[in-house]
Amino acid sequence: MVDNGMDLPPGLVYRDCGEVGILELDRPQKRNALDDDTVVALGAFFTEPPEAVRAIVLVAAGEHFSAGLDLSRVGAWDATDGIASSQRWHRAFDALEFGRVPVVAVLKGAVIGGGLELAAACHVRIAEASAYFALPEGQRGIFVGGGGSVRLPRLIGTSRVMDMLLTGRVYDASGAVALGFAQYEVANGGGEALALELARTIAANSPLSNFAAMHGLPRIADAPRASGFFAEAAIAAVTQASPEAKRRVADFLAKRAKKVRP
Ligand code: 1HE
């Protein structure tokens, strides 16, 4: 049980590491294919993350991050079930993307279909050398349903997502970093250590600044310019007026804060 009282389904494991928590996809025998119980639990977890936690590292057991939607369920679905499932994924991944805590994902092996959609909802993505990225939906006779058509073009552009969906093109870790699927590339096995380091850095920020980045940036990116500038000014003013900003700026001016170094 998580210390917010939540029970997790068998495919998810939570490890409490103080201000940083580690959430693990734990269904390696099925390559961490995502069933509805796991998706709903992800949404519930990120709706009410443990109170003391200020950043989450999302990892996966086994050699693969996630093989995407659990295809064993699809055979029994009619169109109404398909809509309900897709909307469940939308709610869950929106809870992650627009929740309280930034999420750093460690990607390795297959980052496929719904697995890539989950990764795209996270805030920082680290690709281990083994990671490969694909959207085999076309080959399965389906379409992205976990927010991929909304989030992925914003990461790498519509034409590249079009190519992936139509041709089944697979990108390796270096290609994925060059495109913008991930912001970091590390050797195999090195992802979790870097993720924890980044998560601790994130956790040390002002929560208001993290809120501004998580909730402000993507919405401003979607907004018309004038609305974006307005929202930016409002958010900047609120963060600057906070006692924590006053303290942090005073610390810098009094030479008590770390300087930016290359
Ligand atoms: C699965 C799934 C799955 C594996 N649903 N059971 N995703 C895909 O189309 C990707 C499908 N998976 C694969 O291409 C491969 O499994 C992998 C490249 C990820 C891994 O290959 P490999 O050789 O290591 O494993 P495997 O032998 O293929 O799979 C091991 C087991 O996991 C096997 O079950 P078993 O009972 O025979 O041991 C597989 O059937 C099972 N398995 N992937 C169900 N996805 C919100 S909409 C999103 C739409 C999508 O995500 S479409 C993309 C779906």
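Residues numbered from 1 in each chain as written. Predicted model: local features only at pLDDT ≥ 70, side-chain atom pairs only at ≥ 80, totals over all residues. Heavy atoms only, no water.

### Re the pairing of strand β4 (residues 103-107)
The element β4 is extensively covered by neighbouring structure, given that 5 of its 5 residues are classed as buried. Side chains V103, A105 and L107 of β4 all project onto a buried face; the interleaved residues V104 and V106 project onto the opposite face, where all are buried too. Pairing of strand β3 (residues 55-60) with β4 involves 3 bridges; the strand directions are parallel. When the bridges of β4 are listed, I56 appears paired with V103. Handedness of the crossover joining β3 and β4 through helix α2 (residues 79-97): right-handed. Bridge count between β4 and strand β6 (residues 124-128): 4 bridges; the pairing is parallel. Paired with L107 across the bridge in β6 is A127. (Buried < 20%, exposed > 50% of the residue type's maximum accessible area, 1.4 Å probe, protein only. Helix = DSSP H or I, 4+ residues; strand = E, 2+ residues; numbered from the N terminus. Pairing = 2+ DSSP bridges. Right-handed = clockwise from strand over helix to strand, strands pointing away.)

### A closer look at the layout of surface pockets
In this model, the largest pocket occupies a volume close to 720 Å³. For the largest pocket, the lining is made up of 31 residues, of which E97, F98, A120, C122 and P218 are closest to its centre. Only α2, α3 (114-121), β6, α5 (148-156) and α9 (207-222) provide two or more residues apiece to the lining of the largest pocket. Per element, the largest residue contribution to the lining of the largest pocket is 8 residues, and it comes from α9. Split by residue class, the lining of the largest pocket holds 15 nonpolar, 9 polar and 7 charged. (1 Å grid on protein atoms, 1.4 Å probe; cavity = no way out; pocket = protein on both sides within 12 Å on 5 of 7 lines; lining within 4 Å. Points joined across faces, edges and corners; volume = space filled by probe spheres on them. Nonpolar A, V, L, I, M, F, W, Y, C, P; charged D, E, K, R; others polar.)

### As for the site of the ligand
Around the ligand, the structure places 23 residues, and the nearest of them are K30, A67, L71, G114 and R140. L71 is positioned with one of its backbone polar atoms (N or O) 2.9 Å from a nitrogen atom of the ligand. In this structure, G114 approaches the ligand through a main-chain N or O atom, which is 2.7 Å from an oxygen atom. Protein chains bury 65% of the 1000 Å² of accessible surface belonging to the ligand in isolation. Of all the secondary-structure elements, those providing two or more residues to the shell around the ligand are β5 (110-112), α3 and α4 (137-140). For the shell around the ligand, the per-class residue count stands at 10 nonpolar, 7 polar and 6 charged. (Near = heavy atom within 4 Å. Polar contact = N/O pair within 3.5 Å; in protein donor to acceptor, adjacent residues only side chain to side chain. Areas by Shrake-Rupley, 256 points an atom, 1.4 Å probe, with all protein chains shown as cover.)

### Digging into the packing of α9 against helix α10 (residues 225-240)
Between α9 and α10, the shortest axis-to-axis distance is 11 Å and the interhelical angle comes to 175°. On the basis of the axis angle, α9 is roughly antiparallel to α10. Where α9 approaches α10, its residues L208, A212, G216 and I220 are matched on the opposing element by G228, A231, E232, I235, V238 and T239. (Axes fitted to C-alpha atoms, helices over the stretch in contact; angles between N-to-C directions. Parallel < 35°, antiparallel > 145°, perpendicular 65-115°, else oblique. Contact = heavy atoms within 4.5 Å.)

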